[in-house]
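# Tertiary structure, described
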Amino acid sequence: MRKYLTVLRVEGKLSLRTPDGLFFGIGMPMAVLLLISMLVGNQQVRGGGYTFMQSSYPALATVGICATAFMGLPLTISDYRDKKILKHFFTTPTSPLLLLGVHVTVCVLTALASALGVTLVAMLVLDYRMPGSWLGFIGSYFLVMLSMYSIGMMMASLCKTIKQANLVCNLVYFPMLFLSGAVIPYEIFPNGMQKLASILPLTQGIQLLKLVSLEGVDSLPLFSLLYLLIFGILGILVSAKTFRWE
């Protein structure tokens, strides 16, 4: 336990020293929520029966997951592999699995801090009230997290160098962030772009969170659930098969 806390302390300090991670993962979603609230917060989404504020909250709650799953997790693990850090841990009392576990824990805590920040701003500043189910929303949130982190681990396993990881992470992260509806309301996209964006697993995750937050667990979309589970299982299987310590 002492080893875990020591590595967690080091990982936490490294994460807090990364301004991009703090801005994109925690600061940006709260700022975007405030901006949307000021511009169109109380306007009804066309044909939706809910406001842009009600639509934006569950979407922005996933930004922390997106940032840590598609940038933080694969880039750090690929960097550890590229610099032989994982290999060197085999000669120390601290195992590489502990290092990976601690880094995943830091990513999870960062994502939760982001979601909590968005929730506090929404409820305390913007007077947001969820018409759906909080319990269903929390359960769906962790399903989205599991699925996205599985994809992130798959990316980390397939990328052998930090250069490859940088390229792949940028190709995955920015479309996920801007096309899934995480920071730009999905409802304002043209129909063609909506169909294209629906292919992204994060889009399905956000749609799941929106429906649960608006209508409760009785409206769980089976397709989105299966889509997330398939990507989650695929990510775990590919990661287990292809992961290398060096």
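Residues numbered from 1 in each chain as written. Predicted model: local features only at pLDDT ≥ 70, side-chain atom pairs only at ≥ 80, totals over all residues. Heavy atoms only, no water.

### Things to note about a nonpolar patch on the surface
- A surface patch of nonpolar side chains, about 850 Å² in accessible area, is lined by Leu34, Leu35, Met38, Leu39, Leu116, Leu120, Leu124 and Val125.
- Elements with a minimum of two residues in the nonpolar patch: helix H2 (19–40) and helix H6 (96–125).
- Along the chain, the position of Leu34 falls in helix H2. (Patch = residues over 30% accessible without salt bridge, like charges linked within 9 Å, V, L, I, M, F, W, Y side chains within 5 Å. Areas by Shrake-Rupley, 256 points an atom, 1.4 Å probe, with all protein chains shown as cover. Salt bridge = Lys/Arg side-chain N within 4 Å of Asp/Glu carboxyl O. Helix = DSSP H or I, 4+ residues; strand = E, 2+ residues; numbered from the N terminus.)

### A look at the packing of helix H10 (residues 201–215) against helix H11 (residues 222–242)
- Where H10 meets H11, the axes come as close as 9 Å, and the angle between the chain directions of the two elements is 140°. The orientation of H10 with respect to H11, classified from their angle, is oblique. Crossing hand, H10 versus H11: left-handed. Two secondary-structure elements touch here, H10 through Pro201, Gln204, Gly205, Gln207 and Leu208 and H11 through Phe223, Ser224, Leu225, Tyr227, Leu228 and Phe231.
- Looking at side-chain class alone, the contact of H10 with H11 contains seven nonpolar, four polar and no charged residues. (Axes fitted to C-alpha atoms, helices over the stretch in contact; angles between N-to-C directions. Parallel < 35°, antiparallel > 145°, perpendicular 65-115°, else oblique. Left-handed = near helix turned anticlockwise from the far one by under 90°. Contact = heavy atoms within 4.5 Å. Nonpolar A, V, L, I, M, F, W, Y, C, P; charged D, E, K, R; others polar.)

### A closer look at the nonpolar core
- Ranked by internal contacts, the top residues of the largest apolar core, which has 62 residues, are Ile65, Phe70 and Met148.
- Mapped onto this core, the elements with two or more residues apiece are H2, helix H3 (52–60), helix H4 (63–82), H6, helix H7 (134–158), helix H8 (162–179) and H10.
- Looking at which element gives the most residues to this core, the answer is H7, with 12 residues. (Core = buried A, V, L, I, M, F, W, Y, C linked by side-chain atoms within 4.5 Å. Buried < 20%, exposed > 50% of the residue type's maximum accessible area, 1.4 Å probe, protein only.)

### Thoughts on the packing of aromatic side chains
- Following the criterion strictly, the structure yields 10 aromatic pairs and no others.
- Considering the side-chain rings of Phe174 and Phe178, the 6.3 Å spacing of their centres and the 5° angle between planes classify their relative orientation as stacked. Of the two residues, Phe174 and Phe178 both sit in helix H8, four residues apart, roughly one turn of that helix. (Phe/Tyr/Trp six-rings, centres within 6.5 Å; stacked < 30°, edge-to-face > 60°.)

### As for the side chain of Ser213
- Its place among the elements puts Ser213 in helix H10.
- Judged by its relative accessible area of 0%, Ser213 is buried.

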